[in-house]
Each structure stands twice: as C-alpha cells, then as structure tokens.
Amino acid sequence: MSRETMVQRFEGFRRACQDHHLVFDESEHLLVTKGYGETEARTNFIKYLEQRSKEQLPSAILCGGGAIARAVLGELEKRQIQVPEDISVMSCAYSHEMDEIKSLGLTAAFQPCRELGSEAVFILQSRLTRNIRPRFNLLLQGSIELGSSVADVNWRRRELYQAHTIP
C-alpha cells in the first residue's frame, strides 16, 4: 500500500511538472530506493553526488521520508553544500515523524495517516452495517510544516525582479 501511494504521489508530481512546462528526466531527476532506510538512501545519494559537479546539482531535493532526508542532509553537510543557500531540501512525512522533522529544521509535507486510518475504519463499519451506502474516494488534506530548509524563490531570482515604486 505504501509503495502504491508513493507511485501515485510521483505521478502527481510528474503531471505538475508537465503542467508547468518543467523538464523531468527520470534518469537524471529521480533516485529510487527499495525501502525507506537511511543506509540505502545514503549509498544511492553518494553515487549521485560523485557523478556531478557542484554546479550540476539540482536547486531542490524532495525526499520520500524522514530517514531519506536525514541521509541527504548528512551527505550535503559532509560536502559543505549549504541548505537552503545552495540546495533546498523538503521531505514528505507522517505525523509520528514531526518531532524529528522539526529538529532537523526541514520543511515537510505532512500526510494525515492516522486521520485517514480513522476515516477508513468508519467507512468500513458503515458499509458493513448498511450495505447500500455508495462507494467513494476520500481525500484528506495534508499540511506543510515550514522549516528552514527551503530557499525563498524570490531570493534566488532577485536579479530577475525590478524594484518598482507605485506613485
């Protein structure tokens, strides 16, 4: 179930890139791990970093969980790449990871996994007791926990904007 959810998120991300005319090349912009562990993520990220100069690195990295974000932050720090000055880092996370995410100073998209579980149980109980209930999909809104790991887009593109005063 978790892998399927991640695939659906990825498809949404890919569609968003396409809708905003951003190039997304999986061979260049996607690192896949078999699990969500820090060791595997660190190994894959080290290989990625070794194949690129500092100038070829992306401006932002979106991690699939707290352990992956920890690995990325650790390797960036080892190479003296500053977050968010050089690279912005953001993570997807669950509410049980909130304390760690805050301690790392990460900006994260939180998914309401416990709330979704409660709603699933309620819907299942309802369908078992009243078989005539219609079937539907339920989408619960996540939230963004703002940290200090994402650069302000306007700050990065400051030279593109002219200061105008309105009379």
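So, how was this worked out
Residues numbered from 1 in each chain as written. Predicted model: local features only at pLDDT ≥ 70, side-chain atom pairs only at ≥ 80, totals over all residues. Heavy atoms only, no water. Helix = DSSP H or I, 4+ residues; strand = E, 2+ residues; numbered from the N terminus. Buried < 20%, exposed > 50% of the residue type's maximum accessible area, 1.4 Å probe, protein only. Contact = heavy atoms within 4.5 Å. Core = buried A, V, L, I, M, F, W, Y, C linked by side-chain atoms within 4.5 Å. Pairing = 2+ DSSP bridges. Right-handed = clockwise from strand over helix to strand, strands pointing away.

It is not clear to me how the environment of R9 should be interpreted in this structure. Could you clarify?
With respect to the helices and strands, the residue R9 is situated in helix 1 (residues 2-19). Classification of R9 as partly exposed rests on a relative accessible area of 26%. A C-alpha to C-alpha distance of 9.8 Å links R9 and G64, two positions 55 residues apart in sequence. Not counting chain neighbours up to four residues away, the residues in contact with R9 comprise Y94 and Q111.

Looking at this model, I keep getting lost on the nonpolar core. Mind explaining?
Side chains that are nonpolar tend, in soluble globular proteins, to be buried together. Among the nonpolar cores identified, the biggest contains 21 residues, and F45, C63, V72, L76, I87 and V89 are the most heavily contacted of them. Mapped by element, the contributors of at least two residues to this core are helix 3 (38-50), strand 1 (60-63), helix 4 (66-78), strand 2 (88-94) and strand 3 (107-111). Per-element tally for this core: the top contributor is helix 4, with six residues. Not counting the four nearest positions on each side in its chain, F45 is found in contact with L31, I61, V72, E75 and L76.

Explain the pairing of strand 3 here, please?
Taken residue by residue, a regular strand's side chains alternate between the two faces of the sheet. With five of its five residues buried, strand 3 lies for the most part within the structure. Of the two faces of strand 3, the one holding T107, A109 and Q111 and the one holding A108 and F110 are both buried throughout. The pairing of strand 2 with strand 3 spans five bridges and is parallel. Across the sheet, the residue bridging to A93 is F110, located in strand 3. In terms of handedness, the path from strand 2 via helix 5 (residues 98-104) over to strand 3 forms a crossover that is right-handed. Pairing between strand 3 and strand 4 (residues 143-145): three bridges, direction antiparallel. Note that in strand 4 the partner of A108 across the bridge is E145.

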